[in-house]
Amino acid sequence: QVQLVESGGGLVQPGGSLRLSCAASGFTFSMYDMNWYRQAPGKAREFVASISGAGGIRRYAESVKGRFIISRDNSKSTVYLQLNGLKPEDTAVYYCAAIHLGFWGQGTQVTVSS
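Keep in mind that what you see is a predicted model, and the values were worked out from it rather than measured.

Moving on to unusual backbone geometry. Apart from glycine, the bulk of residues carry a negative phi angle, and the bulk of peptide bonds sit in the trans form. Even without being a glycine, Ser77 presents a positive backbone phi close to 50°. If you trace the backbone, Ser77 turns up in the loop between β7 (68-73) and β8 (78-83).

This is how it looks when you write it as structure tokens:
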């Protein structure tokens, strides 16, 4: 069955960095766009970034453009999100998703606080 397992979240100070990973299984990973979303307490889930199957097309929310980088390694069926220049407002649970398949991971918590 399809599985998406995120890792790499944690507590980081403002201005710090984290790298999130999402290991996928159960489908032909390279054929599908992959996405990262996030949900802060009391807020709706929002789009963060997406990457095409071959990795050539990347899109970002305006709020993270220039700070976050999405990438993928199809040989490892893994998608990454590099978070740089973190701000307190980036605090959220981060989810990876294969939107076209309708599958989501369980999420990983990112907390930005001094």
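Our focus in this paragraph is the state of the cysteines. If you walk through the whole model with that rule in mind, you get 1 disulfide. Residue pairing for Cys22: its cysteine sulfur links by disulfide to Cys96, the two sulfurs lying 1.9 Å apart. One disulfide, between Cys22 and Cys96, carries an S-S torsion of 40° and so falls in the right-handed class. Pair noted here: Cys22 is in strand β3 (residues 18-25) and Cys96 is in strand β9 (residues 92-98), with a separation of 74 residues, a long-range link.

Locating Asn35 in the fold gives a position in strand β4 (residues 34-39). Filtering out sequence-adjacent residues up to four positions away, Asn35 remains in contact with Phe47, Ala49, Ser50, Tyr95, Cys96, Ala97 and Ile99.

Pairing in this open sheet of 4 strands is antiparallel, and the strands run β1-β3-β8-β7 from one edge to the other. Of all strands in the sheet, those bounded by a partner on one side alone are β1 (3-7) and β7. Ignoring strand direction, the axes of neighbouring strands in this sheet form an average angle of 15°. Sheet topology note: the β1/β3 ladder contains 5 bridges and is antiparallel. The residue bridging Ser7 from the neighbouring strand is Ser21, located in β3.

Conventions adopted
Residues numbered from 1 in each chain as written. Predicted model: local features only at pLDDT ≥ 70, side-chain atom pairs only at ≥ 80, totals over all residues. Heavy atoms only, no water. Helix = DSSP H or I, 4+ residues; strand = E, 2+ residues; numbered from the N terminus. Disulfide = S-S within 2.5 Å. Contact = heavy atoms within 4.5 Å. Pairing = 2+ DSSP bridges. Axes fitted to C-alpha atoms, helices over the stretch in contact; angles between N-to-C directions.

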